Amino acid sequence: MIGIRFHGRGGQGAVLASKILASAYFAQGFYVQSFPFFGMERKGAAVAAFVRVATRPIVERGEILSPSIVVVLDSTLLQMVDVTKGVGPGGTILLDYLAQDDRRPLEGPFRIAAVDARSIALEYGLGTKIAPIVNTVILGAFAKIAGDLNLEHLITAIKASVPINPEQNAAAAHASYSAVHWIQGQPAASLESPVQPKTTIQCFAELPTLPETRGVIDWNQTGTWRYLTPVAANKLPPCRSNCPAGMPIPEIIQAVSQGHSLRALELVFSANPLPGLTGNLCYHPCQIDCLRRKIDRPLAIQHLERFIAAQDCCPSIENPPKTSARVAVVGAGPIGLTCGHFLGRSGYRVVVLAAEPQPGGALLGLSPEKLDPQILKLEIERLVRLSNIELRLGVSIDRNLLTELQSGFDLVIVDPSELADISPVKDEVLGFMKSEADKNNIKVILPDLSKELKPFKYSLIAHYVAVGRRIAHEADSYLAGQNRPSPAAQSISSADNAAPSLMSFNPVQIRIERFPADSSRPPKTLGKGMVMDGGQALAEACRCLSCGTCNLCLQCISSCPDVSIHHSRTSTGVTFDLHHCKGCGICAHECPRGVISMEKIIS
Amino acid sequence: MKQLMMGTEAAALAVRLAKAQFVSAYPITPQTNLVEELSNIIGRGEIKAKYLTVESEHSAMASCIGASLVGARTFTATSSQGLAYMHEVLHYAAGMRLPIVMVNANRALAPPWNLYCDHTDSLSQRDTGWMQYYCDDVQDVIDSVLIAYRVAEQALLPVMINMDAFYLTHTSEPIEIPDQAEVDRFLQPFNPTSKLDVNNPKTFGNVCGSDLYMTIKFKRHQDMLALETLWEQVANDYNSRFKRYCPPVEAYRTQDAELVVIGIGTVAGTIRLAIDRLREERVAAGCLRLSMVRPFPVKGLRSAMTNAKHVVVIDRDVSFGAEGILAQEVKANLFDHKRELKFHGFVAGIGGKDITADCVVDYVRQAVSGDGKAKQAGSSLWAEVLS
């Protein structure tokens, strides 16, 4: 008698394969028996089926403990199931894939044969790319390696048994018959034995009186059924990818919609210390690709920014203690101020110097209609207060100053947009600074500005803020590399790589049809220079679709059929219980914001 | 001081004395008085308990399972069709090891529709894993319910107390009411170590593979077998406090008996009456009342067989196509013990037929002489069927 064991996943046709094989042997005059292991049969679950073949009537029943041949329909099972169980010397294992380098993927005294069943199935149009149907394919290979099975009987049995495409199935079995080969090579370097289920109770005395279970049990860990794994990751939405200053706009708007204006202001300050200026002057590219435009009108992001900036509250920004490293920033325009602000918040002792008696640089030249001087004053005051930096104004930018700087500072940064003001002595001053710097081992950073930013254009203010933050980032990296006393706190993120970890966002992932149009007209206060009240800001923020950004709407949790998605009160996103997630993909389909995607993750 | 009370009232009073915390039941004749009385007791606030009205016996037991699992002392009562309807969840209650106490009023199963005494309802639940006790009189009802709670909670197994329809449920007898303070000392509050608790989440009765399933069942079987001794111990403690003994079996004049008549429930009293009469006729007869059917009181049964040559079993039940259920049980447990015994199984007194002492004497005579009015079918003799 020979015993054959099939390993597959529910839906792959392992049970049908066992029946076809039994029919083929039966047609040849053998006594046969075929049966499945009846367990948690669902699509994707590990299943087994058995065939006994003999020249005499078969009287025994039940699992075949020492199979002569084991057929594996899906090699991803090798990590979960011990397919070698009971296979002794002289036994054979037939695998559905070709190992690279002809290495043995399993260790033991048995022979291994393999056929690229997936490719053959796809070639003959059996199943889909994700789930090719390999059961009849692998039977062709079986006929070759088993020796005693007549291929023509097998083909007849296949044609009589498959529900559709009998000719393709038969042809695929023929192809597989010719393609199968014995793996001759050595075992692969790192053979991982499958994880054996743990039985917590080892002896009778450990048995509790009540049939109770703590945590998960092996029997219902439906996570093993999964082909695709859900991944929840925020994506880069259009507003954020368009923001020159790299502000985390969806998170900011989310905070406003929850009534957390202070939190919103803190998030703004993580990228932009001059929100009152950008909120009034910026050309707001954030709104250009806003998906809300497809429903009614784009979100008034700039007005929300103006609202946040006008909040009469102070963000609780904790700065690290000041280090002894000193940085001088020449120029108190938006670049110099932003740069000084972020360096100050990183713990450096920063002095911002300017020739004018007022800070603001080129912004001072704007007419009051363009920019209320009071806003400029308050914005700069807040910027200085929160970063604890020193402003030294009305100083003449000359050799005396530079002499002073060279003795007292580790780094000098010159705001290029303010160079016009230094202009009369520009070349001389710069030349001197550079030579002195080299002499005294002082670094001078003189950033280049792209030609679009020259001369100063107020509507590009967010770009100047971004440059200031980038220079601060460079300076921080330089000082850290110089082993100067550098702050232990988080380094300044570069504005250029606003969100490097975010995948780009595909607008079709936002299910526009799920969001009703908002018939209300924009509030009248959305005119130039006006500021929304709290109610208007809340209503406007609630219009945000939160593209690509989890806002804990929890639709995934309510749609998960396996209760396998969780979130805690403090978490900002959801987590998946991969012990039980079957990978059905309903959450990815249901997520209205395109945050969840189904990924092929090979462990 | 004694008080006149029906079996249903006695059962309700026992539940009050036991201070049950959860009662869920669906009314059915002849149990109805019992649940009405209990709902009054709870309604009047005499015990701090939740009374849940449900739409069926299946739900009654299901809710008792939930309540017991959170650690409440739980009670339900039913009869006949209601018990049959509970069948599925009876297995669950026992498998989950929940010390639920239930009173069943033994009533005939339909069809034909009949309200009177018959033990087939409870005996056909004997494989569900519930302990089964059959009461002798109304006093036995109140005492056995109290003992049942302590046994159930100690062994973590459910107990079914059975009383004969009308012979006990609706029969008033003077009984001794146990003192509440003494009951409180006898029966401590139920405080299980493992229960359904949101702060310590666990699953009960989960899926289980072949690796553990048999072991879990083996443990339950072992614990169930031990109940005969445990009941005896608890009944002894009860006896020391209240001066009444509720034994697993009750033997009457069996010491020298060559013929032992076996029965369960109220028929035992009638049999004792018949035994006295037979003794006057110099027939060495004795009576054995099996108060427990699950676990089967093997020890008690065998010890009553010292001199026995004939065993007469009176079944108020039948397993169609075999014989009386009790007769089978008795035979099975004496097969290895005493091969030379002669068995005589009578099916009698079902569907409202009274079994009188005269009847019992007639059965015994027919058993010994082989001649009588009872009609033979297979190995059982049916009394009082039309000729």
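Being a predicted model, the structure only gives us computed values, none of them experimental.

Calculation criteria
Residues numbered from 1 in each chain as written. Chains lettered and ligands numbered in written order. Predicted model: local features only at pLDDT ≥ 70, side-chain atom pairs only at ≥ 80, totals over all residues. Heavy atoms only, no water. Helix = DSSP H or I, 4+ residues; strand = E, 2+ residues; numbered from the N terminus. Buried < 20%, exposed > 50% of the residue type's maximum accessible area, 1.4 Å probe, protein only. Pairing = 2+ DSSP bridges. Domains from an automatic or database assignment. Contact = heavy atoms within 4.5 Å. Buried area = accessible area lost by both parts, 1.4 Å probe. Salt bridge = Lys/Arg side-chain N within 4 Å of Asp/Glu carboxyl O. Polar contact = N/O pair within 3.5 Å; in protein donor to acceptor, adjacent residues only side chain to side chain. Nonpolar A, V, L, I, M, F, W, Y, C, P; charged D, E, K, R; others polar.

Novice: Looking at this model, I keep getting lost on the overall build of chain A. Mind explaining?
Specialist: Check the secondary structure of chain A and you find 19 helices and 19 strands. Put simply, chain A has 603 residues, and 49% of those count as buried.

Novice: Where do I start with the pairing of strand 4 (residues 69-72) of chain A in this structure?
Specialist: In regular strands, side chains alternate between the two faces of the sheet. Residue and element names in this part refer to chain A. Residues I69 and V71 point to one face of strand 4 and V70 and V72 to the other, with burial holding for every one of them. In this structure, strand 1 (residues 2-9) lies alongside strand 4, joined through four bridges in parallel fashion. Looking at strand 4, one finds that R5 is bridged to V70. Pairing geometry for strand 4 and strand 5 (residues 92-95), over three bridges, is parallel. Note on strand 5: the bridge partner recorded for V70 is I93.

Novice: It is not clear to me how the domain arrangement of chain B should be interpreted in this structure. Could you clarify?
Specialist: Interfaces are frequently sized by the accessible area removed from exposure as the parts join. All names here are of chain B. Assigned domains within chain B: domain 1 (2-241) and domain 2 (249-382). The C-alpha centroid of domain 2 is placed 28 Å from the C-alpha centroid of domain 1. At the junction of the two partners, domain 1 supplies 27 residues and domain 2 supplies 31 residues. Across the domain 1 to domain 2 interface the summed buried area is about 2,300 Å²; carbon plus sulfur atoms make up 54%. Of all residues in domain 1, R126, D136 and E228 bury the most surface against domain 2, accounting for 29% of the area lost on that side. At the junction of domain 1 and domain 2, the tally comes to five salt bridges. Two residues, E232 and K299, come together in a salt bridge whose shortest N-O distance is 3.1 Å. If you look at where domain 1 meets domain 2, you find 16 residue pairs in polar contact (both at pLDDT 80 or more). Elements that contribute at least two residues to the side of domain 1 that touches domain 2 include exactly helix 5 (120-123), strand 6 (131-134), helix 8 (213-225) and helix 9 (227-242). Across the side of domain 1 that touches domain 2, the residue classes break down as 14 nonpolar, five polar and eight charged.

Novice: So what exactly am I meant to see when it comes to the interface of chain A and chain B here?
Specialist: At the interface, 15 residues of chain A touch 23 residues of chain B. For the chain A face of the interface with chain B, the top three residues by lost area are F204, L210 and P211 of chain A, together amounting to 35%. Linking chain A to chain B there are one salt bridge. Linking E212 of chain A and K202 of chain B is a salt bridge whose minimum nitrogen-to-oxygen distance equals 3.3 Å. If you look at where chain A meets chain B, you find four residue pairs in polar contact (both at pLDDT 80 or more). Two strands pair when backbone bridges link them, and strand 8 (residues 212-213) of chain A and strand 9 (residues 203-204) of chain B are joined in this way by two bridges, in the antiparallel orientation. From the neighbouring strand, E212 of chain A faces strand 9 of chain B, where its bridge partner is F204 of chain B.

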